Every structure is written in structure tokens, then in C-alpha cells.
Amino acid sequence: MNYYEIKFTWEADIEDEIVRDVLSAGLAEIGFESFVDSEDGLTAYIAGKHYDEKKLWEVLGGFPLPDIHILYDSTLIEGQDWNEEWEKNYFKPIAIDNKCMIRTSFHEPAEGYEYEIIIDPKMAFGTGNHETTWLMINEILKTDLTGKRVLDMGCGTAVLAILALKKGAATAIGIDIDEWACKNATENARLNNVRNLQVVLGGAGAIAPLATEARFDIIYANINRNILLQDLHAYAAALQPGASLYMSGFYTHDIPVLRTEAERLGLQLVGKAERNDWALLEMRKATT
Ligand code: SAH
């Protein structure tokens, strides 16, 4: 699989960190998968088949921050070697709360963590390096998952489902719209010796057929604001009464719109977390 590496640079009076956040959110909407901070900007990666320069112009043309001019330079990177490069250079082992370590198979094993997850990311999003994955993992670590039926919506590497299974969930289903992510999720389940992970290629439409016999006790959905808003109804319908939906992938300023939509669908806010402007909401379905 070929990728494009696009190096973005800019000049602006605003802090680089803010520009990076806004730019990467816009790029994620048009299919960019990985982001690496560079000294003078941001480097982003997108699968060749998803790259559409016109869409990129639209993102840059409609950039929501004022007085900023963004330049970019793209390079095509061919297949296999690229994955290795990326993993070796950019995927650092990450520890969450001294309880859970996420690393790849080429990192040294770490001692002293209750849970260790091995992920070979191959460009699928979900290494724990992103704030939203961190927020989700932090919640999973705090929850008793024994015997639960879990849905990991937008599973990427399936890091969330894998941790849920390690914490005693009875079954987990990972759904992702990206074929590459689904393959990677299956590989990662194998690497971590977890059984009972079913990976399904698809979007929200794939949920209902999977929830006919029993609905889910917990749904994790770390995707983005617009997809969550669009698909929340399908997630809410697939929850058992009293079950929780944890969602992330959006900024703190998006909390009200997501909360309102979830409440309209019969869910109540029961928890909230934030990390560097990124947000997580726990919404619970009424018991009756
Ligand atoms: N769950 C992982 C990955 C989150 S990244 C983590 O928490 O780190 C978001 C994932 O959602 C990507 O893998 C992307 O392919 C997938 N995705 C995007 N739109 C989707 C949709 N409409 N339905 C299902 N998955 C989607």
C-alpha cells in the first residue's frame, strides 16, 4: 500500500500547537491517518487511495483560524518499508497511569505493568499516543468489565477492544470502516493472545445485525465529532438499558452538541474527561 507524506508549514501569530490541533482535525476528516509534529509544522500521512488534493485545498482554503497561510509539500512513499520506518521512528512505548503499557513487538518488554498490549500499528490509528486513545484507555482501566459484551466502534488497531478483553470482557466486536484497520485489528488480537474479538468491516449500518440477540453492555466510539453526531442513533439503539457509551475524538468545545444529541436519544451524561483540549463523554442509557 502506498502512502503520501505531506509536510505542512505555516507562519502565524497563534501558537503552533493550536494550529497543529485544528489542522490535524481537518485532515482527519478527509482521510489522513497519522500525524507527527515536526519542528516547523506538522507531517501527516494518508493512504494513496484516499488522497484527493482538491479536498486538501478545501480544508486549507476554509481554515478556521485567521491570518494564517499554510504551505505543504507532498511525497509518495511506497509500501512495506514505509510501515517499518514509521513504527521505528514514531511509535514510542506509552504508559497509562503506570497500569497499562502499549508497545510494539520490536520494543523491549516492560516490567511492572498490570496490562501490556502489543500493537503493530501498520498505519491503523490507535497506539495510545493520541490524547483520545489515552482518555479511552484511562476509562477502561477504571471499569469492571467482567463478563461484559463490548463494542469498539472505529476500532483502528483494536487497542481498546484488546484491553477490554484482557480486563475480562466476555466478547468484543471491533468495527472499522477501513479495511486496513480491520486486518491490523485481527493481527493485533493474535499478537496479544486474545480470543473473542470479532472484527467487522463497516460503519454504523453494521451494528444492528450484530446486536439482534443481545445488545451491548458497553460501547466505545473514538472517532470524530461529525461521525459521532451522524451515527449516535445507531449506537444508542444497540445499548442495553443501563449500559454506557464512551465517546471521544472531539474537542471540549464540541461537548454541548454531542451531549444534546445523545440526550435526545435517551442517554444521560454520567462522566466527562479532558486532556489537552480533547474530550471524552460517558453517556448512559436509561434503565427502563
Ligand atoms: N479506537 C482506536 C482508533 C480510533 S481512530 C483508538 O481509540 O485509538 C478512529 C477510527 O475510526 C479509524 O480507524 C477510522 O478508520 C474509523 N472510522 C472512521 N469513520 C468510521 C465510521 N463511520 N464507522 C466506523 N469506523 C470509522
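Our subject is the structure listed above.
This text gives an overview of the structure that appears in the document. (Residues numbered from 1 in each chain as written. Predicted model: local features only at pLDDT ≥ 70, side-chain atom pairs only at ≥ 80, totals over all residues. Heavy atoms only, no water.)

Topic: the overall build of the chain
To keep things clear, this is the line we draw: Labels follow the DSSP assignment, with helices taken as runs of H or I lasting at least four residues and strands as runs of E lasting at least two, numbered in each case from the N terminus. The atom set for the radius of gyration is the C-alpha atoms, and the globule formula is 2.2 Å times the number of residues raised to the power 0.38. Buried, partly exposed and exposed residues are distinguished by accessible area as a fraction of the type maximum, computed with a 1.4 Å probe on protein chains only: under 20%, between the cut-offs, and over 50%, respectively. Should any heavy atoms of two residues lie within 4.5 Å, those residues are considered in contact. Surface accessibility follows the Shrake-Rupley procedure with a 1.4 Å probe radius. Residue values consider only the protein chains on display as shielding. For the purpose of counting charges, residues Lys and Arg are taken to be positive, whereas Asp and Glu are taken to be negative. His and the chain ends are not included. Charge coordinates come from a single atom per side chain, which is NZ of Lys, CZ of Arg, CG of Asp or CD of Glu.
Looking only at helices and strands, the chain features nine helices and 14 strands. A compact globule built from 288 residues should have a C-alpha radius of gyration of about 19 Å, and the chain, at 19 Å, falls within 12% of that. Seen through its principal axes, the chain has C-alpha atoms that stretch 55 × 45 × 35 Å. Split into buried and exposed, the 288 residues of the chain put 52% on the buried side. Summarising the internal contacts of the chain: among those between residues at least 6 apart in sequence, 65% fall at separations of at least 24. Within the structure as shown, the chain displays about 13600 Å² of accessible surface, and the carbon and sulfur contribution to it stands at 47%. Each charge class in the chain was averaged separately, 26 positive and 45 negative side chains, and the resulting centres sit 9 Å apart.

Describing the pattern of salt bridges
Defined as follows: Salt bridges are defined by distance alone: a side-chain nitrogen of Lys or Arg within 4 Å of a carboxyl oxygen of Asp or Glu.
Overall, the coordinates contain nine salt bridges when judged by the stated rule. The salt bridge partner of Arg-20 is Asp-37, with a shortest N-O separation of 3.7 Å. With a gap of 17 residues between them, Arg-20 in helix H1 (residues 16–29) and Asp-37 in strand S2 (residues 32–38) connect regions that are remote in the sequence. Glu-263 is the salt-bridge partner of Arg-259, the closest N and O atoms lying 2.8 Å from each other. Of the two residues, Arg-259 and Glu-263 are both situated in helix H9 (residues 255–264); the distance of four residues between them amounts to about one turn of the helix. Beyond isolated ion pairs, a larger network of salt bridges with shared partners links Glu-17, Arg-20 and Asp-37.

Description of the packing of aromatic side chains
Keep this limit in mind: Aromatic pairs are defined between Phe, Tyr and Trp rings, using the six-membered ring for Trp, whenever the two ring centres lie within 6.5 Å; interplanar angles under 30 degrees are classed as stacked, those over 60 as edge-to-face, and all others as tilted. Here, a charge over a ring is recorded when the distance from Lys NZ or Arg CZ to the ring centre is within 6 Å and its angle to the ring normal is within 35 degrees.
Enumeration according to the criterion identifies six aromatic pairs in this entry. Pairing Phe-8 with Phe-32 gives two aromatic rings, centres 6.4 Å apart and planes at 65°, and the pair type is edge-to-face. With Phe-8 in strand S1 (residues 3–11) and Phe-32 in strand S2, this residue pair connects regions lying 24 residues apart in the sequence. Comparing Phe-8 with Phe-32, the two get one shared label, buried. Note on Phe-8 and Tyr-72: the rings are 6.0 Å apart at their centroids and 45° apart in plane angle, and the pair reads as tilted. Within this pair, whereas Phe-8 is found in strand S1, its partner Tyr-72 is found in strand S4 (residues 69–77), the two being separated by 64 residues in sequence. Owing to a relative accessible area of 1%, Phe-8 belongs among the buried residues under this scheme. Taken together, the aromatic side chains of Tyr-4, Phe-8, Phe-32, Tyr-51 and Tyr-72 make up a single cluster linked through ring pairs. Over the face of the ring belonging to Phe-216 we find Arg-149, whose NZ or CZ atom lies 4.8 Å from the ring centre.

Regarding the side chain of Arg-103
Selection rule: Residues adjacent in sequence count toward polar contacts only when both atoms are side-chain atoms; beyond that, a polar contact is any pair of N or O atoms within 3.5 Å, and within protein one must be able to donate a hydrogen and the other to accept it.
Locating Arg-103 in the fold gives a position in strand S6 (residues 100–103). Since its relative accessible area comes to 7%, Arg-103 is described here as buried. Separated by 2.8 Å, the side chains of Arg-103 and Glu-116 make a polar contact.

Regarding the sheet that holds strand S3 (residues 41–47)
Cut-off, in case you're wondering: Any two strands with at least two DSSP-identified bridges between them are counted as paired. Helix axes are fitted to C-alpha atoms over the stretch in contact, other axes to C-alpha atoms as well, and angles between N-to-C directions run from 0 to 180 degrees.
One open sheet holds the four strands; their spatial order is S2-S3-S1-S4, and the pairing between them is antiparallel. Two strands in the sheet have a free side with no partner beyond their single neighbour: S2 and S4. Averaged over all neighbouring strand pairs, the angle between strand axes comes to 20°, with direction disregarded. Judged from the seven bridges that link them, S1 and S3 form a sheet pairing that is antiparallel. Bridge pairing links Ile-6 to Ala-44 in S3.

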